[in-house]
Amino acid sequence: MVEQGYEKPESSAEEEKGEVTMTLGENGTPGFPHNNGGGRLSDFFKVPMLWFKMLADEMHWTFVLGVVIVYGINQGLGGALARVGTEYYMKDVQKVQPSEAQIYSGITSIPWIIKPIWGLLTDVVPIAGYRRRPYFILAGSLGVAAMLILSLHKVHLVLALALLTAGSAGVAIADVTIDACVAQNSIAHPSLAADMQSLCALSSSVGALVGFFISGILVHLIGPRGVYCFLVIPYLLVLAVGIMLNEPHVGNFDYQQINQKFLDAGRAMLTTLKFPNVWRPCVYMYSSLALSLNIFEGMFYWFTDAKGPNFSQETVGYLFSIGSVGALMGALLYQHSLKDHPFRALLLWTQLFYGVSGMLDLILVLRMNLKLGIPDQFFAVIDECVSQMIGRLKWMPLLVLSSKLCPPGIEGTFFALLMSIDNIGLLSSSWGGGLLLHILGVTRTSFDRLWLAILIRNFLRISPLCLLFLVPRVDPSSSILPDGIVSSKDGHVQEDRSPESDNIELVSLVSHVDER
């Protein structure tokens with residue numbers, strides 16, 4: 001219906017048909033497809049399909065497929081299934097205590113701590129003339145072997161931990177390798193860099209949502225070991241990426257230079273860490289993560305026990321999926337409203353709210369929600385969504401701060417190092433939480449002091465505010481590193497006082513940028 005007094009403009013033939021066309025980006029490169037009208041349901045599916053086709057035409061279909069498989073299927077869907085499956089595997093199959101399960105979850109995350117090593121290997125150590133394909137094959141093979149053994153045999157706890165760690169290493173190696181591929185294509189196709197990041201984030205988010213949603217159902221139908229059997233499929237797809245990926249062959253590689261490159265990388269990172277503007281924020285980031293003790297295993301055992309809400313496997317999976325939605329909401333809120341705020345002010349409020357949000361767990365464990373007439377399931381949904389949203393709001397400025405600490409020339413290497421420091425903080429948090437549960441006597445059947453563990457955790461969550469002075473007051477648009485810092489060709493980090501600094505060759509030993 002057209003309002004009176006206005007004349008409907010004439011529509012072009014394309015608009016009448018509701019056709020979808022491609023716009024041109026920088027340098028005439030195709031950009032994201034747009035709908036010229038029509039609003040038909042078919043266009044809802046046509047637009048993303050054309051977008052995928054554009055990316056495949058500009059780069060290569062094997063690269064686009066590799067991103068979807070590694071981020072969406074292996075890391076998103078597979079990671080969600082592995083998390084829920086492992087919770088029930090430790091509880092129902094291995095029958096370990098909550099404090100032990102907390103320690104073991106930290107052990108299986110160790111491959112992510114040494115992520116810079118995987119990155120350096122993929123960049124400087126080609127195998128059979130290829131830098132990426134062999135590492136995808138290695139990652140897929142590790143995961144397939146580990147999941148098959150876990151699913152077909154009831155193994156001893158020590159072997160189970162080794163196999164779970166091997167599976168985690170498969171995911172970490174594949175993640176680092178696809179990151180390197182994304183970085184390479186971002187350099188070769190700079191106008192499509194944002195599209196590639198959107199593809200990575202979209203694949204990971206959708207995969208995680210689907211994975212968490214079906215995780216509880218699968219655990220209920222086929223059990224934790226059946227879930228591990230199902231996880232063979234994502235690892236097989238990663239292995240297939242290693243076979244199919246379009247990658248140029250590297251000939252006549254001098255393997256004698258590998259040691260020197262590793263030494264140069266280590267020397268450059270160590271020199272950079274000596275700058276006060278770098279190590280001070282690093283101390284805060286580690287403390288912020290390490291002091292926020294992780295007692296999730298205690299909560300999980302209580303969730304699924306008759307003394308607690310006694311949630312079913314399906315309900316636990318739904319809670320995780322709601323949590324992933326909350327994390328996505330936090331990322332969108334940061335991007336829309338908070339990304340330009342100064343680091344120190346933003347971290348003050350997010351850390352404070354992070355501690356306060358933990359009181360929701362206390363209300364749930366003390367069953368105060370039932371006194372208020374709020375069912376356990378409904379309150380747990382609110383708790384999970386709010387906690388994950390605030391946790392993501394706390395994590396996002398730390399990621400941006402990390403990217404601002406990376407000197408030119410070794411950005412990828414140093415960012416991976418900072419992510420390793422963060423992962424060590426998460427490991428400390430997991431092991432510290434396990435120790436706290438053990439000291440307070442929280443077991444598979446005794447949860448009398450779980451409320452005290454939550455209270456101590458909430459207090460420790462706000463304790464990093466005492467170290468907030470280590471974080472610079474600048475906003476994300478300001479520079480943190482000393483003026484003129486560069487990385488020279490031999491890997492040394494130094495101050496650039498020469499007006500001809502553009503002539504210095506900046507070499508990145510690891511070209512990927514970790515989004516984790």
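Placed above this text is the structure.
The structure displayed is predicted, hence computed values, not measured ones.

*Asks:* Looking at this structure, I do not really get the overall build of the chain. What am I missing?
*Replies:* Counting secondary structure elements, the chain contains 20 helices and four strands. The 516 residues of the chain split such that 50% are buried. Of the contacts formed within the chain by residues at least 6 apart in sequence, a portion of 79% connects residues at least 24 apart. Total accessible area on the chain stands at roughly 23,900 Å², and carbon and sulfur atoms take up 64% of it.

*Asks:* Could you clarify how one ought to interpret the side chain of Glu87 in this entry?
*Replies:* Residue position: Glu87 is located in helix H3 (residues 61-93). If near-sequence neighbours (up to four positions away) are discounted, Glu87 is found in contact with Phe296, Glu297 and Phe300.

*Asks:* When you look at the pattern of salt bridges in this model, what are you seeing that I'm missing?
*Replies:* A side chain of one charge can pair with a side chain of the opposite charge if their charged atoms are brought near each other. By the definition in use, this model includes five salt bridges. A salt bridge links Arg457 to Asp361, with the shortest nitrogen-to-oxygen separation between them at 3.0 Å. In this pair, Arg457 is assigned in helix H20 (residues 450-462) and Asp361 in helix H16 (residues 359-365), connecting sequence segments 96 residues apart. The exposure class assigned to Asp361 is buried, which follows from its relative accessible area of 10%. For Arg367, the salt bridge is made with Asp376, and the minimal N-O distance between the two is 2.2 Å. Judged on exposure class, the residue Arg367 and its partner Asp376 are both buried.

The rules behind each value
Starting from 1, residues in each chain are numbered consecutively following that chain's sequence as written. It should be noted that, the model being predicted, local features are given only for residues of pLDDT at least 70 and side-chain atom pairs only at 80 or more, the latter also being counted only at that level, while totals for whole chains, interfaces and linings use all residues. Side-chain metrics rest on all non-hydrogen atoms present in the structure, leaving aside hydrogens and water. The helix count covers DSSP runs of H or I at least four residues long, the strand count covers runs of E at least two residues long, and both are numbered beginning at the N terminus. Remark: exposure states derive from per-residue accessible area (1.4 Å probe, protein chains only) relative to the maximum for the residue type, with buried under 20%, exposed over 50%, and partly exposed in between. The contact definition used throughout considers only heavy atoms, calling two residues in contact when any of these lie within 4.5 Å. Throughout, the Shrake-Rupley method with a 1.4 Å probe supplies accessible areas, and for residues the shown protein chains are the sole cover considered. Counted as salt bridges are all cases of a side-chain nitrogen of Lys or Arg within 4 Å of a carboxyl oxygen of Asp or Glu.

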